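# Coordinates in review
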Amino acid sequence: AEPVAPQAPAPPPLTPPPAAAPTPPPQAAPLPPPTPPPQAQPYYTPAPQPQPYYTPPAQPAPYQQQYYQQPQPYYRQPAPAGPTGTPTWLIVSVAASLAAALVMALIGVLGVAGSPNDPSTQTTGAWWAVISLGFAVLSMMTLVGVVRRKTWGLVMSWITAVLLCLTCVGLVFGIPIIVFAARTRF
């Protein structure tokens, strides 16, 4: 038989630590008192009442003395006055067309004088000078009428502008004259 070795004592059994005192469960908020059941509604809606046939007038405010006020007299507004002074841009446009017509007439005269042996150039230059002088005379009459603020001067500015617009170069001078003549009142 073999000798038996002494054994170590057994560990003590595990015990849970002592628990703290149990906490009571949280208290719920008190419930509101129960609401009473709604009143029983009638099964019908009363008919709307008609408006009375006669409504007495409202009582007027007590009398207060009113002071007399003179009514404002009505004066007819005078018609707006027309523009005063000279129509500057119309005058400038007509003067520029006059200067251009004189320069073109000078070119026509130089064409006639510069080619004494070529009858075709002389004929073209002569016609060029005559037509340009016609535009110059027309522009001069228009300029005089517009500067004097005469009605016929405004009519002449329209005629001059339309005739200038018949030529390609004249469009440069005719269109501004039309625009400024349309804005001018005498």
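Here the residue numbers are simple positions, counted from 1 along each chain's written sequence. Totals for whole chains, interfaces and linings use every residue, but because this is a predicted model, local features are given only for residues with pLDDT of at least 70 and side-chain atom pairs only at 80 or more, for both listing and counting. Working from all heavy atoms in the structure, the side-chain values ignore hydrogens and water.

Moving on, we come to the overall build of the protein. Along the protein, the regular secondary structure elements total four helices and zero strands. Put simply, the protein runs from its N terminus to its C terminus through helices and strands in the order α-α-α-α. Put simply, DSSP marks the helices as runs of H or I at least four residues long and the strands as runs of E at least two long, and each gets a number from the N terminus on.

This part is about the nonpolar core. As a rule of thumb, soluble globular proteins bury nonpolar side chains together. One finds Leu 90, Val 94, Leu 143 and Ile 177 to be the most contacted residues of the largest nonpolar core, which totals 14 residues. Only α1 (88-114), α2 (119-147), α3 (151-164) and α4 (170-183) provide two or more residues apiece to this core. Here the element with the most residues in this core is α1; it accounts for five residues. As used in this record, nonpolar core signifies buried Ala, Val, Leu, Ile, Met, Phe, Trp, Tyr and Cys residues forming a set joined through side-chain atoms within 4.5 Å. Classification of residues uses two cut-offs on accessible area relative to the type maximum, computed with a 1.4 Å probe and protein chains only: under 20% is buried, over 50% is exposed, and between them is partly exposed.

Structurally, Thr 142 can be placed in helix α2. Leaving out residues up to four positions away in the same chain, Thr 142 has contacts with Val 94, Gly 153, Met 156, Ser 157 and Thr 160. Residues count as neighbours in contact if any of their non-hydrogen atoms are within 4.5 Å of one another.

So, on to unusual backbone geometry. Positive phi, normally seen in glycine, also occurs at Arg 149, with a value near 55 degrees. With respect to the helices and strands, the residue Arg 149 is situated in the loop between α2 and α3. For Arg 149, a relative accessible area of 28% puts it in the partly exposed group.

A word on the packing of aromatic side chains. Any pair of Phe, Tyr and Trp rings, taking the six-membered ring for Trp, is counted once the centres come within 6.5 Å. Such a pair is stacked with planes under 30 degrees apart, edge-to-face with planes over 60 apart, and tilted for the rest. Throughout the structure, instances matching the rule amount to one aromatic pair. Judged by centre distance (6.2 Å) and plane angle (25 degrees), the ring pair of Trp 89 and Phe 180 falls under stacked. Residue Trp 89 is found in helix α1, and its partner Phe 180 is found in helix α4; the two are separated by 91 residues along the sequence. Trp 89 sits in the exposed class, given a relative accessible area of 56%.

A contiguous nonpolar patch, built from Val 137, Met 140, Met 141, Val 144 and Trp 152 and spanning about 450 Å² of accessible area, is present on the exposed surface. When residues of the nonpolar patch are assigned to their parent elements, the largest contribution, four residues, is made by α2. Candidate patch residues must exceed 30% relative accessible area and have no salt bridge, after which like charges are joined if within 9 Å and Val, Leu, Ile, Met, Phe, Trp or Tyr side chains if within 5 Å. Accessible surface is estimated by sampling points in the Shrake-Rupley manner with a 1.4 Å probe; for residues, cover comes only from the protein chains shown. A carboxyl oxygen of Asp or Glu within 4 Å of a side-chain nitrogen of Lys or Arg is what we treat as a salt bridge.

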